[in-house]
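What follows is the residue order along each chain.
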Amino acid sequence: MDNQVVPPTIPTNPVTPEILAKLRAIVGDRGLLEQDQDIKPFVTDWRGQLSGNAAVVVRPGSTEEVSQVVKLCYDNDIAIVPQGGNTGLMGGATPWPAHTGILLSLGRMNRVIEVDAKSSTMTVEAGCVLQTLQQLAADNDRLLPLSLGAQGSCMIGGNLSTNAGGAQVLHYGNTRSFVLGLEVVLPNGDVWNRLRGLKKDNTGYDLKHLFIGGEGTLGVITKAVIKVWPKPKDVATGWLAIPSVQAAVDLLNESHAASGDTVTSFELMHRLSLDGVFKHVPGTQDPLPHTASRESPWYVLTEWSSARPKPDGGEGMADRMEAFLADMMEQGLVEDAVIAQSEAQSRGMWHIREGHAEASRSEGPALSYDMSVATSKIPEFVTRGDEAARAVLPGIRLSPVGHIGDGNLHYGFKAPEGMTKEQFAQYKPAITRAINDLIRDFGGSISAEHGIGQEKLDELAYYSSPVEMAAMRAIKQALDPKNIMNPGKIIRMMG
Ligand SMILES: Cc1cc2nc3c(=O)[nH]c(=O)nc-3n(C[C@H](O)[C@H](O)[C@H](O)COP(=O)(O)OP(=O)(O)OC[C@H]3O[C@@H](n4cnc5c(N)ncnc54)[C@H](O)[C@@H]3O)c2cc1C
């Protein structure tokens with residue numbers, strides 16, 4: 001989406017040569033990037049749609065260094081934008097163009113402090129790449145159940161700060177649900193250490209939940225204790241062609257019981273969106289290439305997983321799924337289906353699902369709304385949203401994809417054939433208002449998993465109650481009275 005938000009007022013104290021020298025004394029030469037060409041990738045968002053400024057990129061190597069850098073900025077009223085892998089989709093990690101302060105990159109803080117397999121916890125630094133941690137968990141016969149298309153470059157500190165969702169929320173919950181402890185550098189440089197792997201701890205307010213999903217506006221997450229699960233030993237991955245969104249919801253409900261409550265993923269994709277993936281993402285192939293199957297409007301990727309290995313000669317997950325799908329075909333809820341016969345086939349199916357964000361970068365003009373409503377209401381929402389968008393722009397093409405098991409769709413539209421980006425952009429405000437009003441009327445959320453960042457700054461204020469906004473401002477004011485920590489993200493403090 002093009003950024004049409006009026007930029008907020010933010011602190012603009014400069015990084016003087018004296019402050020730069022002090023930063024160098026804290027992090028050393030290798031902890032500073034000062035040249036424009038080195039800074040540019042850090043101040044441009046993943047989609048290449050937003051860009052901002054920073055006087056310098058600071059890359060601390062320890063919590064102590066983060067604390068000293070933040071204290072220096074606090075004492076001099078210098079704004080800080082924390083950043084992990086820079087894969088966020090709402091511009092939270094991208095400084096505003098008026099930003100004159102620092103960009104704080106956590107990438108050098110990538111140590112694993114402890115793996116406690118018996119307690120099922122891992123203690124890690126914020127700059128660890130998600131995929132590395134997934135592998136670490138697997139090497140210890142455990143599962144870190146956070147998987148998303150950006151896992152090769154997003155970092156756990158970013159995942160925590162956005163309370164990332166992904167493809168396994170249905171079974172394991174989102175990031176918030178598997179964080180046991182945090183260490184955070186507060187906006188004045190103090191270190192808040194709650195790095196404890198306790199499953200039970202009712203000692204006052206549970207402050208960690210302010211920083212999880214806080215998008216770096218309340219402090220810098222430096223370390224975390226993460227809970228992990230037993231590694232699945234028997235997994236079935238199915239790719240289904242289905243007739244309607246209602247069929248997807250009905251199938252999901254049927255699958256819970258049929259699988260013995262082992263449905264770990266249930267993802268919905270529209271045919272138009274899939275065609276974009278096959279066109280733009282190398283190595284993707286249609287799992288159901290027959291002509292008849294290609295005519296289905298909707299597709300589901302589902303996974304059933306069990307920590308128990310398939311019994312020798314007994315029934316495993318794939319057998320159960322096969323029997324279930326045969327039954328569902330008879331009932332007309334499934335038109336065609338294939339179950340992965342190998343890990344490679346399963347990875348191929350997931351590669352398609354995870355390729356949607358990449359494909360949307362290469363496709364023509366498009367819009368996408370990261371929304372959620374109660375899962376049962378998704379079919380009606382999809383129909384009414386389509387009608388509302390077409391009332392603004394006849395010919396607009398519906399193409400959602402998403403985590404329907406969580407009631408969360410990336411409710412997307414492609415421009416009418418032949419329309420330019422500039423023409424399409426003129427319709428965006430009216431379509432956004434129509435869709436977001438509908439989300440409100442359905443009792444849903446205008447940001448299910450990507451957060452607010454800079455892109456939804458005004459939408460959050462528009463759809464939240466004054467009581468809610470006042471409470472958020474009070475928390476921000478209490479923890480960050482100088483408004484230096486990722487200013488102008490989530491809420492405006494200075495207008
Ligand atoms: C291909 C693709 C697929 C994606 N799929 C999903 C998906 O399925 N589900 C989903 O939820 N998201 C998804 N995303 C969005 C994104 O990957 C997630 O939001 C991810 O959690 C961001 O991690 P990051 O390290 O890149 O954070 P960044 O983009 O660097 O930062 C995100 C926010 O967190 C703050 N931040 C980062 N690190 C810290 C820290 N240590 N302390 C304090 N604040 C910090 C930043 O200031 C910013 O506000 C996808 C993105 C891409 C590109």
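Residues numbered from 1 in each chain as written. Predicted model: local features only at pLDDT ≥ 70, side-chain atom pairs only at ≥ 80, totals over all residues. Heavy atoms only, no water.

Enquirer: What is the right way to look at the pairing of strand E9 (residues 191-194) in this model?
Expert: For a regular strand, side-chain orientation follows a simple rule: the groups alternate between the two sheet faces. Pairing of strand E8 (residues 179-185) with E9, which is carried by four bridges, proceeds in the antiparallel orientation. Bridge assignment links Val184 to a residue of E9, and that residue is Trp192. Counting the residues that bridge the hairpin from E8 to E9 gives five residues, and of these Gly189 lies at a positive phi of roughly 95 degrees. (Pairing = 2+ DSSP bridges. Helix = DSSP H or I, 4+ residues; strand = E, 2+ residues; numbered from the N terminus.)

Enquirer: Teacher, can you tell me more about the environment of Val382 here?
Expert: Here Val382 shows up in helix H14 (residues 378-392). The exposure class assigned to Val382 is buried, which follows from its relative accessible area of 5%. Between the C-alpha atom of Val382 and that of Val245, which follows or precedes it by 137 residues, the distance is 8.0 Å. Beyond its immediate sequence surroundings of up to four residues, Val382 is in contact with Val245, Trp298, Leu398, Leu409 and Tyr411. (Buried < 20%, exposed > 50% of the residue type's maximum accessible area, 1.4 Å probe, protein only. Contact = heavy atoms within 4.5 Å.)

Enquirer: Where do I start with the sheet that holds strand E6 (residues 121-125) in this structure?
Expert: Pairing between sheet strands relies on hydrogen bonds along the backbone, with the strands arranged either parallel or antiparallel. The five strands lie next to each other as E5-E6-E10-E8-E9, forming an open sheet whose pairing is antiparallel. Among the strands making up the open sheet, the edge pair consists of strand E5 (112-116) and E9. The average undirected angle you get between the axes of adjacent strands in this sheet is 10 degrees. Note: E8 against strand E10 (residues 220-227), six bridges, orientation antiparallel. (Axes fitted to C-alpha atoms, helices over the stretch in contact; angles between N-to-C directions.)

Enquirer: What am I meant to see in the site of the ligand here?
Expert: What surrounds the ligand is a group of 36 residues, the closest being Pro82, Gly84, Gly85, Thr87 and Gly88. Take Pro82: an N or O atom from its main chain is 2.6 Å from an oxygen atom of the ligand. Here Glu215 contributes a backbone N or O atom positioned 3.0 Å from an oxygen atom of the ligand. The element best represented in the shell around the ligand is helix H5 (residues 156-162), accounting for five residues. Residue classes in the shell around the ligand are distributed as 14 nonpolar, 20 polar and two charged. (Near = heavy atom within 4 Å. Polar contact = N/O pair within 3.5 Å; in protein donor to acceptor, adjacent residues only side chain to side chain. Nonpolar A, V, L, I, M, F, W, Y, C, P; charged D, E, K, R; others polar.)

Enquirer: Mind showing me how you'd approach helix H1 (residues 17-27) here?
Expert: It helps to recall that an α-helix has 3.6 residues per turn; residues three or four apart then point in one direction. Inspection of H1 places Ile19, Leu20, Leu23, Ile26 and Val27 among the buried residues, and these make up the whole buried set. Along the axis of H1, the buried residues cluster in a sector spanning 115 degrees; they form a single face. Opposite the packed face of H1, turned more than 90 degrees from it, sit the exposed residues Pro17, Glu18 and Ala25. Elements in contact with the buried residues of H1: strand E1 (32-33), strand E2 (56-58), helix H3 (63-75) and strand E4 (102-105). Just downstream of H1 lies Gly28, where phi reads positive at about 80 degrees. (Arc of directions from axis to C-beta.)

Enquirer: I tried to follow the layout of surface pockets on my own but got confused; where do I start?
Expert: In this approach a probe as big as a water molecule rolls over the atoms, and the regions it shows empty are the leftover space. There is about 1200 Å³ of room inside the second largest pocket. Taken together, 33 residues form the lining of the second largest pocket, with Leu143, Glu303, Glu343, Arg347 and Trp350 sitting closest to its centre. Of all the secondary structure elements, the ones that give two or more residues to the lining of the second largest pocket are helix H4 (130-139), strand E7 (142-143), strand E12 (234-242), strand E13 (263-270), strand E14 (298-306) and helix H12 (343-354). For the lining of the second largest pocket, the element with the most residues is H12, which contributes six residues. Its residues assigned to classes, the lining of the second largest pocket comprises twelve nonpolar, 14 polar and seven charged. A domain-level breakdown of the lining of the second largest pocket finds at least three residues from each of domain 1 (112-230) and domain 2 (234-354). (1 Å grid on protein atoms, 1.4 Å probe; cavity = no way out; pocket = protein on both sides within 12 Å on 5 of 7 lines; lining within 4 Å. Points joined across faces, edges and corners; volume = space filled by probe spheres on them. Domains from an automatic or database assignment.)

Enquirer: What exactly am I supposed to notice about the packing of aromatic side chains here?
Expert: Here the distance between the centres and the angle between the planes together describe a pair of aromatic rings. This structure, assessed with the given rule, holds eight aromatic pairs. A ring pair is formed by Phe381 and Phe442, whose centres lie 5.5 Å apart and whose planes are at 90 degrees; its orientation type is edge-to-face. Taken together, the residues span a long stretch of sequence, with Phe381 in helix H14 and Phe442 in the loop between helix H15 (421-441) and helix H16 (457-463) at a distance of 61 residues. Exposure remark for Phe381: the relative accessible area of 0% places this residue in the buried category. On the accessibility criterion, Phe442 (7% relative accessible area) is buried. With 4.8 Å between their ring centres and 75 degrees between their planes, Tyr462 and Tyr463 make a pair best called edge-to-face. Through a chain of ring-to-ring contacts, three or more aromatic side chains come together here, namely Phe381, Tyr411, Phe413 and Phe442. Positioned above the aromatic ring of Tyr462, the side-chain terminus of Arg433 is 4.0 Å from the ring centre. (Phe/Tyr/Trp six-rings, centres within 6.5 Å; stacked < 30°, edge-to-face > 60°. Lys NZ or Arg CZ within 6 Å of the ring centre and 35° of its normal.)

Enquirer: What am I meant to see in the nonpolar core here?
Expert: In a soluble, globular protein the nonpolar side chains are often hidden away together inside. Ile242, Leu251, Leu268, Phe381, Ile404, Tyr411 and Ile435 are the most contacted members of the largest nonpolar core, which totals 48 residues. For this core, the two domains that each supply at least three residues are domain 2 (234-354) and domain 3 (364-441). Sequence-distant contacts of Ile435, that is, excluding residues within four places in its chain, are made with Tyr369, Phe381, Gly385, Ala389, Tyr411 and Phe413. Residues Leu136, Leu182, Leu186 and Ile212 belong to the second largest nonpolar core, which totals 30 residues. (Core = buried A, V, L, I, M, F, W, Y, C linked by side-chain atoms within 4.5 Å.)

Enquirer: Hey, could you run me through a negative patch on the surface in this one?
Expert: A cluster of acidic residues, Asp250, Glu254, Asp327 and Glu330, forms a negative patch at the surface. If you list the elements that add at least two residues to the negative patch, you get helix H8 (245-258) and helix H11 (317-330). Relative to the elements of secondary structure, Glu254 occurs in helix H8. For Glu254, a relative accessible area of 39% translates into the label partly exposed. (Patch = residues over 30% accessible without salt bridge, like charges linked within 9 Å, V, L, I, M, F, W, Y side chains within 5 Å. Areas by Shrake-Rupley, 256 points an atom, 1.4 Å probe, with all protein chains shown as cover. Salt bridge = Lys/Arg side-chain N within 4 Å of Asp/Glu carboxyl O. Lys, Arg positive; Asp, Glu negative; His and termini not counted. Charge placed at Lys NZ, Arg CZ, Asp CG, Glu CD.)

Enquirer: Hey, could you run me through the environment of Ser346 in this one?
Expert: Mapped onto the elements, Ser346 comes out in helix H12. Ser346 has contacts with Thr237, Glu303 and Ala340, leaving out every residue within four places of it along the chain.

Enquirer: Where do I start with the pattern of salt bridges in this structure?
Expert: Side chains carrying opposite charge are able to pair once their charged atoms draw close together. Counted under the stated rule, the structure contains 27 salt bridges. Of the charged contacts, one joins Asp201 and Arg194 as a salt bridge, the two residues approaching to 3.4 Å between their closest N and O atoms. Across the pair Lys310 and Asp319 runs a salt bridge whose closest N-O atoms are separated by 3.5 Å. The class of Lys310 is partly exposed, set by a relative accessible area of 43%.

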